[in-house]
Structures are given as C-alpha cells and as structure tokens.
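Residue strings, one per chain:
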Amino acid sequence: MVSIEGWSRRPSSLQSYANKNELNYHLLCATDEVVEDYQSRGVPTFFILDQDRIIRKAIFGYGKGTTDEEIRNTIKELLGK
C-alpha cells in the first residue's frame, strides 16, 4: 500500500500525519508532475492497483475507520473473496 501526499510535500508534516492517524503503510511526497498525472486532489490519495499495476480504485482523503474499511473491501473484491 502506498499513499501519495501532494499538498504540503514536507516529509516532517507527512510523518506527523501518519503517526497521528496510526497509518502503517508507505506515504510518499508527490511532485507537481505526479499530482497532475494522477489527478491527486485529496490528502492523502490512495491508489489500489491490481496484479498488473492497473489502478482499480482511487480513494481521496482519509477517514479513520471508514477509509480502512473501504480499502479492505476493495482488496477483497479484487481478490474475489
């Protein structure tokens, strides 16, 4: 799981956000090109990819509990479970 942060782009702010929300996956600071290419408009943005690295779902922003559930459900659906 990787999250791309395109707003503050300051590693210290990103780490603080991850710690505050108890996130246990990789968060990356985006460049202007990445933000434009992926149309990242939320903080953070989650992309769920399939085995061929095709984006199957994008989730913009984070709601403790609800986003986690949405991610789990999407992965289960992609795995056919």
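Predicted model only: the values in this text are computed from it and were never measured.

Novice: Even after reading the chapter, I still don't get the overall build of the protein chain, so can you show me in this structure?
Specialist: Along the protein chain, the regular secondary structure elements total 3 helices and 4 strands. Reading the secondary structure of the protein chain in the N-to-C direction produces β-α-β-α-β-β-α. For 81 residues, the compact-globule estimate of 2.2 N^0.38 gives 12 Å, and the C-alpha radius of gyration of the protein chain, at 13 Å, lies within 12% of that figure. Each principal axis of the C-alpha atoms in the protein chain carries an extent, and together these give about 40 × 30 × 15 Å. Going through the 81 residues of the protein chain one by one, you find that 32% of them count as buried. For the protein chain, the proportion of contacts with a sequence separation of at least 24, taken over those separated by at least 6, is 41%. Surface accessibility of the protein chain: about 5,900 Å² in total, with carbon and sulfur atoms responsible for 48%.

Novice: For this particular structure, what's the right way to read helix 3 (residues 66-79)?
Specialist: The periodicity of an α-helix, 3.6 residues per turn, causes residues three or four positions apart to be oriented the same way. The end-to-end C-alpha distance of helix 3 is 20 Å, a good match for the 20 Å that 14 residues give at a rise of 1.5 Å each. Within helix 3, burial applies to T67, I71 and T74. Along helix 3, the residues classed as buried sweep out an arc of 65 degrees about the axis, all on the same side. With respect to the buried face of helix 3, the exposed residues turned more than 90 degrees away are T66, E77 and L79. Against strand 3 (45-49) and strand 4 (55-60) lie the buried residues of helix 3. Count one or two residues on from helix 3 and you reach G80, which has phi positive near 75 degrees.

Novice: What exactly am I supposed to notice about unusual backbone geometry here?
Specialist: Trans is the prevailing form of peptide bonds, just as negative phi is the prevailing case for residues other than glycine. Phi at E22 is positive, roughly 55 degrees, even though this residue is not glycine. Among the secondary structure elements, E22 is positioned in the loop between helix 1 (11-20) and strand 2 (26-29). For E22, a relative accessible area of 62% puts it in the exposed group.

Novice: Looking at this structure, how should I read the nonpolar core?
Specialist: Buried together is how nonpolar side chains tend to be arranged in soluble globular proteins. In terms of nonpolar packing, the biggest core is built from 10 residues, these being L14, A18, L23, Y25, L27, F46, I48, I59, Y62 and I71. Breaking this core down by element, the ones donating at least two residues are helix 1 and strand 3. In contact with I59, other than residues within four places in its own chain, are P44, T45, F46, I48, T67, E70 and I71.

Scoring rules and cut-offs
Residues take numbers from 1 onward in each chain, read along the sequence in its written order. In view of the model being predicted, local features appear only for residues whose pLDDT reaches at least 70, and side-chain atom pairs are presented and counted only at 80 or more, with totals across whole chains, interfaces and linings using the full set of residues. No hydrogens and no water enter the side-chain calculation; it runs on all heavy atoms of the structure. Each helix is a run of DSSP H or I of at least 4 residues and each strand a run of E of at least 2, with the numbering of both proceeding from the N terminus. Taken over C-alpha atoms, the radius of gyration is set against a globule rule of 2.2 Å times the number of residues to the power 0.38. Throughout this description, buried means an accessible area under 20% of the type-specific maximum (1.4 Å probe, protein chains only), exposed means over 50%, and partly exposed covers the range between. Contacts are assigned to residue pairs that have any heavy atoms within 4.5 Å of one another. In these tables, accessible area is a Shrake-Rupley quantity obtained with a 1.4 Å probe, and a residue counts as shielded only by the protein chains included in the view. Here a helix's expected span is defined as the number of its residues, less one, multiplied by 1.5 Å. By definition, the arc is the one covered by directions from the helix axis to the C-beta atoms. Residues belong to one nonpolar core when they are buried, are Ala, Val, Leu, Ile, Met, Phe, Trp, Tyr or Cys, and are joined through side-chain atoms within 4.5 Å.

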